[in-house]
Amino acid sequence: MTRYKAAVCTLGGTVNFYESEIMIGLLRKNNFEICNTNDACDAYIVNSCSVTSDTDRKVFKLIRRLHRTNPCAVICVTGCMAQLRPNDISKMFEDFGNIIVYGNENKIDVVNKLAERLN
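Given the structure is predicted, the values throughout are model-derived calculations rather than measurements.

**Points about the overall build of the protein chain**
Step number 1: Within the protein chain, the secondary structure is distributed over 5 helices and 5 strands.
Step number 2: In the protein chain, the succession of helices and strands from N to C terminus is β-α-β-β-α-β-α-α-β-α.
Step number 3: Taken against the 2.2 N^0.38 rule, which gives 14 Å for 119 residues, the C-alpha radius of gyration of the protein chain at 13 Å falls within 12% of a compact globule.
Step number 4: Reported as C-alpha extents along the three principal axes, the dimensions of the protein chain are approximately 40 × 30 × 25 Å.
Step number 5: In the protein chain, which comprises 119 residues, the proportion classed as buried is 45%.
Step number 6: At a minimum sequence separation of 6, the contacts of the protein chain that also span at least 24 residues come to 74%.
Step number 7: For the protein chain, the accessible area works out to roughly 6,400 Å², and carbon and sulfur atoms hold 48% of it.
Step number 8: Distance from the positive charge centre (15 side chains) to the negative charge centre (13 side chains) of the protein chain: 4 Å.

Structure, rendered in structure tokens:
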């Protein structure tokens, strides 16, 4: 079985950090190696917040940076911003080809979708 590299990037409050820790545990259970967001990974999870327009800009900037780090990586955007602005995210990054957008209700399923996408 191939061991993929993944990183989880968290923006927001305590709940997002708690949920990100759960996602990291699920990634490990699915044989992912957890890496730093500066590393070239096979997959990145962006657990987003959307409190202000400044926060939205930070999320967009982060997605661009992750794509530059590894243009072939699958980038999954989840959390509040993915819940509130899924079409904006999809449109803005459609040329990346490897963007998955999941709102809050599907947040924990992200790991399964990444595993399916990579296998």
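**Remarks on the nonpolar core**
Step number 1: Val46, Ile63, Ile75 and Ile89 are the most contacted members of the largest nonpolar core, which has 22 residues in total.
Step number 2: Counting residues per element, the ones that place at least two in this core are strand S1 (5-10), strand S3 (43-48), helix H2 (53-69), strand S4 (74-79) and helix H3 (80-84).
Step number 3: When residues of this core are assigned to their parent elements, the largest contribution, 5 residues, is made by H2.
Step number 4: Not counting residues up to four positions away in its chain, the partners in contact with Ile89 are Phe60, Val77, Met81, Ala82, Ile99 and Val101.
Step number 5: Counting 18 residues, the second largest nonpolar core, distinct from the first, contains Ala6, Leu27, Val110 and Leu118.

The rules behind the values
- Residues numbered from 1 in each chain as written.
- Predicted model: local features only at pLDDT ≥ 70, side-chain atom pairs only at ≥ 80, totals over all residues.
- Heavy atoms only, no water.
- Helix = DSSP H or I, 4+ residues; strand = E, 2+ residues; numbered from the N terminus.
- Rg over C-alpha atoms; globule rule 2.2 N^0.38 Å.
- Buried < 20%, exposed > 50% of the residue type's maximum accessible area, 1.4 Å probe, protein only.
- Contact = heavy atoms within 4.5 Å.
- Areas by Shrake-Rupley, 256 points an atom, 1.4 Å probe, with all protein chains shown as cover.
- Lys, Arg positive; Asp, Glu negative; His and termini not counted.
- Charge placed at Lys NZ, Arg CZ, Asp CG, Glu CD.
- Core = buried A, V, L, I, M, F, W, Y, C linked by side-chain atoms within 4.5 Å.

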